[in-house]
Amino acid sequence: MLAESRAFFQARGLLEVDTPILTATAPIDPFIDLVTATCMGQKAYLHSSPEYGMKRLLALGIKDCYQLGHVFRDQELGEKHNPEFTMAEWYHLGTDFEALIDETLEYVTLFVGEQPVEVYRYEEIFWKILGEFPSTIDERDRCFALHIEPKLEVLTVIRDYPPQQAMLAKTATTEDGVLAQRFELFYKGIELANGYHELGDLKELRRRLVSNQQIRRELNKDPYLLDEHFLAAQIPDCCGVAVGFDRLMMLRHQAQHIREVIPFVWKE
């Protein structure tokens, strides 16, 4: 399936790239904790996504590209989680948001075959399953994880999130107001993909990452240093998505635990 994946991307004209796993700075997400290391006497991190490196390559002139490799997240271990796992991530210059959703669905069918697809706006799925839309982000996240995600059995696209729940996505004005151009993909109650029409405004990027630092401080977590190289990169208009390769393998082999598809799991 690694070979099938590479053939899929190459057939669509994407160049395979290889960004550093070990970094001096880190992606700043309030709820993703990084695996730390020491390098040259300084604190370092194992990346949770190749996103920052790939976007810097786009800014340097690399065109449509993908990366298929290992990423790391601390405090994530369970049936669907391992601290080290494989991610497929790719970016298209100038590709519209709808095209990326369609392409991601095509990639997923390599593993699970052709499936019926349902599409819902983020708020819409709450009304459909819960009959209400919680007013706070924390309550939405809790309800989604406990009551909505497990019920998304068919291949499902959830799209058009409130801007506060898509920190690195552009927004668009719709008939329902200003919404973020973000989508997630679910199948058999498993989250598979997270995609954006990527935010390129450097001032807004900095503001959002500083806000993430503050949230981490309030949660008594390491706020992490800003990546000034990333924040100086002139990121071109692009759309990107990250897909969990191991979870696709779980679905392909009808596995109940991620250890069934990763040869060497953490603390065997």
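Residues numbered from 1 in each chain as written. Predicted model: local features only at pLDDT ≥ 70, side-chain atom pairs only at ≥ 80, totals over all residues. Heavy atoms only, no water.

Topic: the side chain of lysine 55
Inference 1: With respect to the helices, strands and loops of the structure, lysine 55 is situated in helix α2 (residues 51-60).
Inference 2: Here the side chain of lysine 55 touches glutamate 198 through a polar contact of 2.7 Å, side chain to side chain.
Inference 3: Once you skip the residues sitting within four places of it in the chain, lysine 55 turns out to touch Tyr91, Glu198, Phe230 and Ile235. (Helix = DSSP H or I, 4+ residues; strand = E, 2+ residues; numbered from the N terminus. Polar contact = N/O pair within 3.5 Å; in protein donor to acceptor, adjacent residues only side chain to side chain. Contact = heavy atoms within 4.5 Å.)

Topic: helix α8 (residues 245-252)
Inference 1: Of all eight residues that make up α8, seven are buried, and the element is covered over most of its length.
Inference 2: Buried within α8 are the following residues: Phe245, Asp246, Arg247, Leu248, Met249, Met250 and Leu251.
Inference 3: Positioned one or two residues after α8, glutamine 254 has a phi angle of 50°, which is positive. (Buried < 20%, exposed > 50% of the residue type's maximum accessible area, 1.4 Å probe, protein only.)

Some details on the packing of helix α3 (residues 97-112) against α8
Inference 1: One way to put it is that α3 packs onto α8 with a least axis distance of 8 Å and a crossing angle of 45°. Here α8 runs oblique to α3, going by the angle between their axes. The residues of α8 that touch α3, namely those facing Tyr107, Val108, Leu110, Phe111 and Val112, are Phe245, Leu248, Met249, Leu251 and Arg252. (Axes fitted to C-alpha atoms, helices over the stretch in contact; angles between N-to-C directions. Parallel < 35°, antiparallel > 145°, perpendicular 65-115°, else oblique.)

A look at the side chain of threonine 156
Inference 1: Within the secondary structure, threonine 156 sits in strand β8 (residues 155-161).
Inference 2: Here valine 154 takes part through its backbone oxygen, which lies 2.8 Å from a polar atom of the side chain of threonine 156.
Inference 3: Filtering out sequence-adjacent residues up to four positions away, threonine 156 remains in contact with Glu118, Tyr120, Glu184, Leu185 and Phe186.

As for helix α1 (residues 2-11)
Inference 1: When α1 is considered as a whole, its buried residues turn out to be Ser5, Phe8 and Phe9. Along the axis of α1, the buried positions cluster into a sector of 90°, meaning they face one direction only. For α1, the exposed residues set more than 90 degrees away from the buried face come down to Ala3, Gln10 and Ala11.
Inference 2: Looking at the residues trailing α1, positive phi occurs at glycine 13, about 80°. (Arc of directions from axis to C-beta.)

Here we look at the packing of aromatic side chains
Inference 1: Applying the stated rule across the entire model yields 18 aromatic pairs.
Inference 2: Taken together, a centroid distance of 5.4 Å and an interplanar angle of 50° make the contact between phenylalanine 144 and phenylalanine 186 tilted. Separated by 42 residues along the polypeptide, phenylalanine 144 in helix α5 (residues 137-148) and phenylalanine 186 in strand β10 (residues 177-187) bring together distant segments of the chain. Phenylalanine 186 shares its class with phenylalanine 144; the two are buried. (Phe/Tyr/Trp six-rings, centres within 6.5 Å; stacked < 30°, edge-to-face > 60°.)

Quick look at the environment of alanine 3
Inference 1: On the secondary structure map, alanine 3 appears in helix α1.
Inference 2: Spatially, the C-alpha atoms of alanine 3 and isoleucine 258 are 20 Å apart, while their sequence positions differ by 255 residues.

Focus: the environment of threonine 38
Inference 1: Mapping threonine 38 onto the fold places it in strand β3 (residues 35-39).
Inference 2: On the basis of relative accessibility, which here comes to 67%, the residue threonine 38 falls in the exposed class.
Inference 3: It is 44 Å that separates the C-alpha atoms of threonine 38 and phenylalanine 133, two residues lying 95 residues apart in sequence.

Description of the packing of helix α4 (residues 122-129) against α5
Inference 1: Where α4 meets α5, the closest approach of the two axes is 11 Å, and the angle between their N-to-C directions is 55°. By the angle between their axes, α4 is oblique relative to α5. Here α4 runs over α5; the crossing is left-handed. Every residue of α5 that contacts α4 at Tyr122, Ile125, Phe126 and Ile129 is listed here: Arg140, Asp141, Cys143, Phe144, His147 and Ile148. (Left-handed = near helix turned anticlockwise from the far one by under 90°.)

Topic: the pairing of β10
Inference 1: The element β10 is largely enclosed, with a buried count of nine among its eleven residues.
Inference 2: Summarising the sheet, strand β9 (residues 171-174) and β10 pair through four bridges and their orientation is antiparallel. Within β10, the position partnered with threonine 173 by the bridge is valine 178.
Inference 3: Linkage of β9 to β10, two consecutive antiparallel strands, is achieved through a turn of two residues.
Inference 4: Taken together, the six bridges between β10 and strand β11 (residues 190-197) define a ladder with antiparallel strand orientation. (Pairing = 2+ DSSP bridges.)

Overview of the pattern of salt bridges
Inference 1: The final tally for this structure, using the stated rule, is 16 salt bridges.
Inference 2: Notably, a salt bridge pairs arginine 182 with glutamate 184, separated by 3.3 Å at the nearest N-O pair.
Inference 3: Each member of the salt-bridge network shares a partner with another, and the members are Arg12, Glu103 and Glu106. (Salt bridge = Lys/Arg side-chain N within 4 Å of Asp/Glu carboxyl O.)

These figures capture arrangement, not role.
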